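# Tertiary structure, described
If you want the building blocks of each chain, they are given just below.
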Amino acid sequence: MKNKYQLEATLEKKLRSVADCKQKIKQQPASALNTLKQTVADGQQLLKTHFQQHHNAYQVVFGRSLLVDLVIQQVAELKFGPALQKLSIIATGGYGRGELHPHSDVDLMILLADEHNEQYNELIEQFLMLLWDIKLEIGHSVRTINECNDEASKDITVITNITESRLITGCQSLYSQMLEITSTKNIWDSKLFFEGKLNEQHARHIKFESSAFKLEPNIKESRGGLRDIQMIGWVAKRHFGANSLSELINHGFLTAEEFELLEAGTKLLWEIRTSLHYLTGRREDRLLFDFQRELALEYGYEDGPNNLAIESFMQRYYRTVIELGRLNEMLLQLLKEAILFSNQSTEPQIINTRFQIIHGYISARHKDIFIHEPTALLEIFLLLELNQEILGVRAETIRLIRENLHLIDKDFLQLEKAKKIFMNIISAPEGVTHELRRMNRYGILAAYVPAFEKIVGRMQYDLFHAYTVDEHTLSVVRNLRRFSAAEFLHEYPLCSAVFNHIEKPELLYLAGLFHDIAKGRGGDHSELGAVDARAFCLQHNLHESDSELVSWLVKNHLVMSVTAQRKDISDPDVINNFAENVGNQKQLDYLYLLTVADIRGTNPTTWNSWKDSLLAELYNKTSVVLRLGIQTSVAIEKSIRQSQQSSLNILAKKGCTPEQTEAIWRHFSGEYFLRYTPDEIARHILMVLKADKNKLPVISLVPQTDKGTIEISIYMKNIDGQFARTTSALDQLSLNIVDAFIMTTDEDVNTLDIFQALYEESDPSSIADRLKEIQEKLETLLLKNDIAAVKPSQITHRINKHFSVPTQVSFYQEPAKNRSIIEIISSDKPGLLARISRAFVDNKIQVHNAKISTMGEKADDLFHITDLNNQPITATDQQDAITKSLISYLDES
């Protein structure tokens, strides 16, 4: 059978023929540069054509390594001549392994006998310059044997490069000396090397966090990526002298089946990386949005009714790295026992008749344990929760778990003992998230909860969800668990306080586990997931009421987020309706915690202080309604009067008379007094009172750290298009507006516009400079009378270019306020709010209130509007005209 690690004879013959330019250079020495450059280009094209025809990354990777070998040998002979036998030219890194992807760097070490070889400096410089000139991207070092020893002794990266190095040309004996002096007998014995590489991998995993499961994963550096596979190879070569991973089978570290899985995973990652290099024309290891769709088509995927081609392709990738990550974990633990514990004889610590602890790791006491006691497949994770000192699962037991996954079948799922163990796992005081993640890695979670299998590695092709569905789900459970931990009390005090009041946290964790479980099936995933959740709870003998609560939470897990971010929660009717939907304080508590955990687990950039404050406000207001009852119109009027009186009291202390104050706010709606606190109202009134009407606009900027925003209040003349002018100006300042409230004052002569712009204060000392910049630029821009003079930004982020959300415009009526509400869904883009505002100007629309919400690439904005006569927009022809205008502005590039 043909060895996949060997070049096909025909391809090798062609490469050697293309690379052999020695005779041509000898005949035309003046054209040596062009000849070599053309040789490299021809060889690269030969390999590219071969990949396009056969899609065999092995042949490309090993073929390019051979091509570069042949070229470097000829260049070295050309530049060094007889002096070549006094030095060694050595391949390191991936090139040392004989693995060069289409645009990978070529790493070289030039080895000298001693530091007195200065006569070689000019030759080395000419040699390297020629390699660069013929379009080989060279990374190089020049060292003596002693320098190699010194550097390798200090730096594990250097010894790793030496470990996988090979001689390309030059002095063999010099190279052999270097290998001898840096061998395990002299530096970095197997134990030190293993510990160093293990720490290095741990640091890399932390650096790349969970990027293996993010939307644009790094296929080389992420957990389960190519670097994890190379890690095994480095350790095996340093310890055993193994030149390939297949040798681990002979050493008893890999089964033939596991090696096939490792090979299949490596093959896919190599193919994807090769495709990426050819697609981008550069060294690129990130699966960027820019290329995912094209790669999906290249690999034969097509859009289906519930899955896009890109989602199916990426799910294959994610599932592959999960498997490779598990193999990495298992192999490293086997190597740890062979290297670190080889001379240690430790008595097993018996846990029960099924499990024991060896060297800190839980282990099955005999290889047939899962056959005799299938429920032990769950019990092991419960024992890990109950014994926090256990470091993990012993490698042989990981292997046994994988080999016996088939035992979790329909009959297993009916076992009362299995149900009890799973509920104990989900209810444990410690380690719930950690063990659920481990269960997912080993395939247990997908086996025990069959619906979960469909979301493992499932990508959601949008910018709102940064992780695969399974990774997001387990992050939500983790976030819920954090609310219970005293050490995280400072993060979300309200959530922690609410959590302490809930009776059964396990119901919350189950809701988190099931909230997105129906993603990708078609239909409403909340509705479908609620059915699954209820069935699972009843199957696990939960009380009917508890099962209904979990099901209700799954069904309604988006409701609180939508209400807080897209509706006016200063409006009592909104709170009343939400309270009626929630029903009682118990369900509100659970829903609030699930909502916060869900948003936090969706995307690292999604959660902010503004969303935190909105949800807390909605929670607190709803709690009041649930306690006191639905707010009547009489109660609302009473709240308005109380707010006004409190504001008058504050203003009186600042020298303002009631007559002055009431002259201003007699134009304000009751909505204003429900929306803002007395302190905020007093600040707005003072701003208007102190303003010189001949020197407008007047701008006030107030950081609101509890909300993560800057309140921007602008008192200005009421002229046509002022909202468009203001939003364009704010866009030029790169301010992300999330809320707007517009009021006319002084018999409609002037307006008071109040905006909330996101501003997370990473550096408190910088806010003063930022406020000054906003103040000065806003004043300059707002003095321009021509709307067109204030142009919105046109720069679109790279990622956003790959998503298109069709513009949708919907109208709703608000009879109680004699207004219309217009909802606009569109692709998020630079100057979006300014574009919308210009469409409003064209159609003589005035804005009274705006709620701005962005979810990834999708903007979903609500505007409370009237015509210039303060009448709602009810005529169909007028609505059609506005819709047409909005689509025109929003769809233009």
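In the block above lies the structure referred to throughout.
Below is a summary of the structure that appears in this document. The structure displayed is predicted, hence computed values, not measured ones. (Residues numbered from 1 in each chain as written. Predicted model: local features only at pLDDT ≥ 70, side-chain atom pairs only at ≥ 80, totals over all residues. Heavy atoms only, no water.)

Attention now moves to the packing of aromatic side chains. Tallied over the full model, the rule gives 27 aromatic pairs. Seen from their ring centres, tyrosine 448 and phenylalanine 536 are 6.4 Å apart, and the 85° between their planes marks the pair as edge-to-face. Of this pair, tyrosine 448 sits in helix α22 (residues 444–448) while phenylalanine 536 sits in helix α27 (residues 525–539); the two residues are 88 residues apart in sequence, bridging distant segments of the chain. Seen in terms of ring centroids, phenylalanine 668 and tyrosine 672 are 4.9 Å apart; in terms of plane orientation they differ by 65°. Their pairing is edge-to-face. Aromatic rings pair up to connect Trp665, Phe668, Tyr672, Phe673, Tyr676 and Phe741 into one cluster. Taking NZ or CZ as reference, arginine 166 lies 5.0 Å from the ring centre of tyrosine 95, over its face. Between arginine 238 and the ring centre of phenylalanine 193, over which it is positioned, the NZ or CZ distance is 5.7 Å. (Phe/Tyr/Trp six-rings, centres within 6.5 Å; stacked < 30°, edge-to-face > 60°. Helix = DSSP H or I, 4+ residues; strand = E, 2+ residues; numbered from the N terminus. Lys NZ or Arg CZ within 6 Å of the ring centre and 35° of its normal.)

In this section: the pattern of salt bridges. Close approach of charged atoms lets side chains of opposite charge pair. Taken as a whole and judged by the stated rule, the model has 50 salt bridges. Note that glutamate 373 is salt-bridged to lysine 417, the shortest N-O span being 3.8 Å. In this pair, glutamate 373 is assigned in the loop between α16 (369–372) and α17 (376–386) and lysine 417 in helix α20 (residues 416–427), connecting sequence segments 44 residues apart. For lysine 417, a relative accessible area of 45% translates into the label partly exposed. Here arginine 534 makes a salt bridge to glutamate 544, at a shortest N to O gap of 2.3 Å. Residue arginine 534 is located in helix α27, and its partner glutamate 544 is located in helix α28 (residues 544–555); the two are separated by 10 residues in the primary sequence. For glutamate 544, a relative accessible area of 39% corresponds to the partly exposed category. (Salt bridge = Lys/Arg side-chain N within 4 Å of Asp/Glu carboxyl O. Buried < 20%, exposed > 50% of the residue type's maximum accessible area, 1.4 Å probe, protein only.)

A few words on the pairing of strand β17 (residues 858–867). The element β17 is extensively covered by neighbouring structure, given that 9 of its 10 residues are classed as buried. Sheet topology places strand β14 (residues 819–827) next to β17; 8 bridges connect them, and they run antiparallel. Bridged to isoleucine 821 within β17 is histidine 864. Sheet topology places strand β15 (residues 845–851) next to β17; 6 bridges connect them, and they run antiparallel. Bridge assignment links glutamine 846 to a residue of β17, and that residue is threonine 866. (Pairing = 2+ DSSP bridges.)

We now examine the sheet that holds strand β3 (residues 138–144). Taking strand neighbours across the sheet as the criterion, the 4 strands line up as β3-β2-β1-β4 in an open arrangement whose pairing is mixed. Looking at the sheet topology across the chains shown, the edges are occupied by β3 and β4 (166–170). Strand-to-strand, the axes of this sheet are offset by a mean angle of 25°, without reference to chain direction. (Axes fitted to C-alpha atoms, helices over the stretch in contact; angles between N-to-C directions.)

Buried within helix α9 (residues 172–181) we find Leu174, Tyr175 and Met178. Down the axis of α9, the buried side of the element spans an arc of 100°, and every buried residue falls inside it. Buried positions along α9 lie against β1 (87–91), β2 (106–112), α7 (145–154), α8 (156–163) and β4. (Arc of directions from axis to C-beta. Contact = heavy atoms within 4.5 Å.)

Here the focus is unusual backbone geometry. Residues leucine 696 and proline 697 are joined by a peptide bond in cis, for which omega reads 10°. Not every positive phi belongs to a glycine, and histidine 55 is a case in point at roughly 50°. For histidine 55, the position within the fold is in the loop between α3 (32–54) and α4 (57–80). The residue asparagine 541 is not glycine, and still its phi comes out positive at about 65°. Inspection of the secondary structure puts asparagine 541 in the loop between α27 and α28.

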